Amino acid sequence: MFNPETPPELAVTRWINTKEPVTLKALKGKVVVLLGFQMLCPGCVDKALPLARKLSQRFNPDQVAVIALHTVFENHDVMTEKALEVFQKEYKWPFPIGIDTPDGKGPPKTFATYQMQGTPSLLVFDRAGRLRRHYYGHPDEMVIAAELMGLAIEDPDGAREQAAAIERRLASTLVMPGHQHDHGHDHDHHHHDHEHGDACGCGHDHSHDHGHDHDHGHHHHGHSHDHDHGKAKHKG
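Calculation criteria
- Residues numbered from 1 in each chain as written.
- Predicted model: local features only at pLDDT ≥ 70, side-chain atom pairs only at ≥ 80, totals over all residues.
- Heavy atoms only, no water.
- Helix = DSSP H or I, 4+ residues; strand = E, 2+ residues; numbered from the N terminus.
- Polar contact = N/O pair within 3.5 Å; in protein donor to acceptor, adjacent residues only side chain to side chain.
- Expected span 1.5 Å × (residues − 1).
- Bend = angle between axes of the 7 residues up to and from the residue.
- Buried < 20%, exposed > 50% of the residue type's maximum accessible area, 1.4 Å probe, protein only.
- Salt bridge = Lys/Arg side-chain N within 4 Å of Asp/Glu carboxyl O.

**Concerning the environment of Asn3**
Then comes step 1: Examined against the element boundaries, Asn3 turns out to sit in the segment before β1 (12–16).
Then comes step 2: Between the C-alpha atoms of Asn3 and Leu131, which are 128 residues apart in sequence, the distance is 8.8 Å.
Then comes step 3: For Asn3, the side chain forms a polar contact with the main-chain nitrogen of Glu5, separated by 2.9 Å.

What follows is the structure, given as structure tokens:
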């Protein structure tokens, strides 16, 4: 498992809807929202891609960069590069879209590196380039907007205590969907939420168990999951 403080670069064969290739390194200094999607995933078309469009329209692109990654792990014969070009033009998605590098045997490379569970997946990087959120499924729009605003307030070169303080304030202010007004948990944890639901599979084994915990003074970055599922999946 990679260190979320220094996440790996995206493995992309080609970018469409942009004049220049996109890299996480080049986007440092901005908050970055990355949507992993498949054009034939209903949850992506109905909810995730429209959310990405809305975020790209509501946030200043000089402060928040919204990008997407077509990460195909099923129906490869129909979700081709040419089909993606038509899909982008028909729906007029306003953000750059990268094509995740195929592995040839299993899931595409960025999908596997970031241990995505399926599509849609939403990853959020802070101004310093650290991975701060990892959602699988459909995160609440108001929560995402508030979290992006909190990350945008952070100084990329500021002390870690500043980021931790903003995280605590955010956690004490937001009421997460399905939760009561109980904020007695540790707010220094940058959370990576994974939402599960009905899904159909891609047919490959995607099983892992890992955890890591980084303590940098008062800024505590915790991350752990335990997944055991035979197939990656897309949300319906």
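**Regarding helix α2 (residues 42–58)**
Then comes step 1: Between the first and last C-alpha of α2 there are 24 Å, a value that for 17 residues agrees with the 24 Å anticipated at 1.5 Å per step.
Then comes step 2: Bending of α2 peaks at approximately 35 degrees at the position of Ala48, with proline Pro50 no more than four residues after it.
Then comes step 3: Regarding α2, the residues found buried are Gly43, Cys44, Val45, Ala48, Leu49, Leu51, Ala52 and Leu55.

**Side note on the pattern of salt bridges**
Then comes step 1: Going through the model one piece at a time under the given rule, you end up with 11 salt bridges.
Then comes step 2: For Arg132, the salt bridge identified is with Glu154, shortest N-O distance 2.7 Å. Here Glu154 lies in the loop between α5 (141–153) and α6 (160–173) and Arg132 lies in strand β7 (residues 131–136), a separation of 22 residues in the sequence. Of the two residues examined, Arg132 and Glu154, each falls in the buried class.
Then comes step 3: A salt bridge links Glu147 to Arg133, with the shortest nitrogen-to-oxygen separation between them at 3.1 Å. Taken together, the residues Glu147 in helix α5 and Arg133 in strand β7 connect sequence positions 14 residues apart. Here the two residues Glu147 and Arg133 agree in accessibility, since each one is buried.
Then comes step 4: One network of salt bridges, with partners in common, ties together Asp126, Arg130, Arg132, Arg133, Glu147, Glu154 and Glu167.

**Looking at unusual backbone geometry**
Then comes step 1: Between Thr119 and Pro120 the backbone carries a cis peptide bond, its omega angle lying at 0 degrees.
Then comes step 2: Inspection of the secondary structure puts Pro120 in the loop between β5 (118–119) and β6 (121–125).
Then comes step 3: A positive phi angle, near 65 degrees, is found at Asn17, a position not held by glycine.
Then comes step 4: The partly exposed category is assigned to Asn17, whose relative accessible area is 36%.
Then comes step 5: At Lys92, a position not held by glycine, the phi torsion is positive, near 55 degrees.
Then comes step 6: Note that Lys92 resides in the loop between α3 (81–91) and β4 (97–100).
Then comes step 7: Of the residues examined, Lys92 reaches a relative accessible area of 58% and is grouped as exposed.

**Looking at the environment of Asp155**
Then comes step 1: Tracing the backbone shows Asp155 in the loop between α5 and α6.
Then comes step 2: Residue Asp155 is classed as partly exposed on the basis of its relative accessible area of 41%.
Then comes step 3: Separated by 126 residues in the primary sequence, Asp155 and Gly29 place their C-alpha atoms 8.7 Å from one another.
Then comes step 4: Here Asp157 takes part through its backbone nitrogen, which lies 3.0 Å from a polar atom of the side chain of Asp155.

Coordinates in, geometry out; function isn't part of it.
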